[in-house]
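Structural characterization, general
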Amino acid sequence: MAFEPVSPESQGLSSPALLRFVNALDRKIHEMHSLMLLRHGKLVAQGWWKPYAPHRPHMLFSLTKSFTSTAVGLAVAEGRFSVEDHLLSFFPEKAPAKPGKNLKALRLKHLLSMVTGHAADTTERMIVGGGEDWIKGFLSLQVENPPGAPFVYNSGASYMLAAVVQQVTGMRLSEYLRPRLFEPLGITDVVWETSPQGVDIGGWGLSLRTEEIARFGQLYLQQGVWEGQQLIPAAWVEQATSQQVSNGSNPSSDWEQGYGYQFWRCRHNAYRADGAFGQFCLVLPEQEAVLAMTAGVGEMQPMLDLVWKYLLSGFSTSPLPDDPGACTRLQRKLERLAVPLPESGLPSALEAELPGRTYHMQPHQSQLERLSFNFTPDHCILDMQLAGTPARLVCGRGTWVESETRLFAPAPMPVRACAVWSAPDTLQIILRYIESPFFFTLTCHFAGDDLHIHPLANVAFGPLESPELVGKSV
């Protein structure tokens with residue numbers, strides 16, 4: 001089912017208010033990638049900041065957790081287990097020889113609501129301690145507090161939920177959800193990262209298109225019903241999206257409004273699935289609306305603040321008079337959304353000198369071993385050797401050019417790249433990994449036979465700046 005595009009006013013939403021919201025996102029959130037807004041199940045607005053596009057999946061990070069919760073809810077409805085079941089009952093062979101009383105008391109409902117009793121997120125310790133067996137790594141960790149408190153955001157808990165579903169059903173989450181959720185919603189080509197054990201990583205790792213995120217939100221808004229079929233039990237929708245635990249008391253923070261079963265509560269009686277760097281599936285039951293957004297930002301609260309400031313007031317309980325002029329201005333704005341290209345570059349005499357040179361790079365985490373540059377009026381072409389394998393990266397000049405690279409990526413990823421001379425001796429290359437929140441700016445400084453490259457990421461779980469790459473032309 002494709003969502004029917006309609007005018008905002010026909011669904012009781014003001015086009016001027018919606019335009020103010022889009023303008024605010026464009027102006028204040030400097031790395032928006034997409035948005036899709038539904039009301040009453042109808043499409044009232046959609047837009048992608050070029051070069052991001054509707055057909056591209058986008059990394060969701062922790063938004064994945066809400067799909068994991070859905071799989072748990074379906075398995076519970078099928079009678080495969082209960083949220084009251086103890087975690088150790090599923091993996092007795094992986095339990096410590098003498099499990100502590102807090103670990104023995106840990107139930108699935110505690111994993112779902114992030115009150116496992118651990119004093120800190122278990123993810124890194126689970127992976128490092130478990131090696132090839134993350135389940136064993138999780139179960140080996142000390143549970144410092146009795147399960148049930150305090151709230152500690154814990155992606156390791158989500159992984160264990162995925163492992164439980166796979167243990168009981170014999171299917172990875174993506175396989176289990178395919179006929180029960182993905183196929184009915186028209187979600188295809190699901191990409192979900194797995195652990196070394198072959199378990200879909202329940203806390204992150206899912207990539208979907210913006211419309212697919214919106215469909216998931218609409219399904220929850222409709223209490224689990226899709227095209228007349230009850231895909232998710234309404235009781236699970238209610239449990240998962242209601243406050244199960246308190247997670248703070250700051251009235252201005254959408255991260256302290258309570259937590260459900262792998263869903264966040266929000267202000268204004270809304271709830272959401274979200275992921276790092278600005279991935280949102282926001283459900284507003286009182287407004288009968290769903291907002292899907294993808295981005296690449298370090299701070300996520302400002303995105304929600306703009307929803308409450310500009311969009312919320314635009315909703316009406318009944319259709320509004322047609323406003324063709326405002327509708328046209330809104331549509332024009334949505335069609336012209338784009339992330340900024342670098343400003344026009346300066347001419348550089350190095351364009352005639354660099355072709356034919358090969359830079360031999362010092363050892364670096366990027367595994368870039370050799371690099372050479374060639375130029376045409378429309379392109380800057382990088383020929384590389386990465387971990388012993390030849391590779392080519394084509395960058396546009398004044399435009400984005402699609403290519404693919406493993407540079408600063410764990411596997412070949414599609415990129416849109418652009419290059420510009422920011423100074424006569426400095427070439428700036430922007431690599432947008434367009435199925436992710438990430439882009440890299442590579443500042444390449446040429447000095448005689450030496451090349452110095454300074455990589456800077458827009459967002460990261462660690463430092464934004466990577467170690468300098470150094471090369472010499474021989």
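Quick note: structure is the one above.
Residues numbered from 1 in each chain as written. Predicted model: local features only at pLDDT ≥ 70, side-chain atom pairs only at ≥ 80, totals over all residues. Heavy atoms only, no water.

A short note on the overall build of the protein chain
Helix and strand counts for the protein chain stand at 13 helices and 21 strands. Compactness check: the protein chain gives a C-alpha radius of gyration of 24 Å against a globular reference of 23 Å for 474 residues, within 12% of the reference. In terms of principal-axis extent, the alpha carbons of the protein chain reach across some 70 × 70 × 40 Å. Counting over 474 residues, the protein chain shows a buried share of 55%. Considering only contacts in the protein chain between residues 6 or more positions apart, those separated by 24 or more positions represent 58%. When the accessible area of the protein chain is evaluated, it comes to approximately 19,100 Å², of which 51% is carbon and sulfur surface. Of the side-chain charges in the protein chain, 38 are positive and 46 negative, and the distance between the mean point of each set is 3 Å. (Helix = DSSP H or I, 4+ residues; strand = E, 2+ residues; numbered from the N terminus. Rg over C-alpha atoms; globule rule 2.2 N^0.38 Å. Buried < 20%, exposed > 50% of the residue type's maximum accessible area, 1.4 Å probe, protein only. Contact = heavy atoms within 4.5 Å. Areas by Shrake-Rupley, 256 points an atom, 1.4 Å probe, with all protein chains shown as cover. Lys, Arg positive; Asp, Glu negative; His and termini not counted. Charge placed at Lys NZ, Arg CZ, Asp CG, Glu CD.)

Considering the sheet that holds strand β1 (residues 32-39)
One open sheet accounts for six strands, arranged β2-β1-β11-β10-β9-β8; its pairing is antiparallel. Either end of the sheet is taken by a strand with one partner, and the two such strands are β2 (42-48) and β8 (264-265). Strand direction decides the pairing type here: β8 and strand β9 (residues 271-275), joined by two bridges, are antiparallel. Within the sheet, the bridge partner assigned to Arg 265 lies in β9 and is Tyr 271. Along the sheet face, helix α9 (residues 210-221) touches β1, β2, β9, β10 (279-284) and β11 (289-295) and points at about 150 degrees away from the line of β11. (Pairing = 2+ DSSP bridges. Axes fitted to C-alpha atoms, helices over the stretch in contact; angles between N-to-C directions.)

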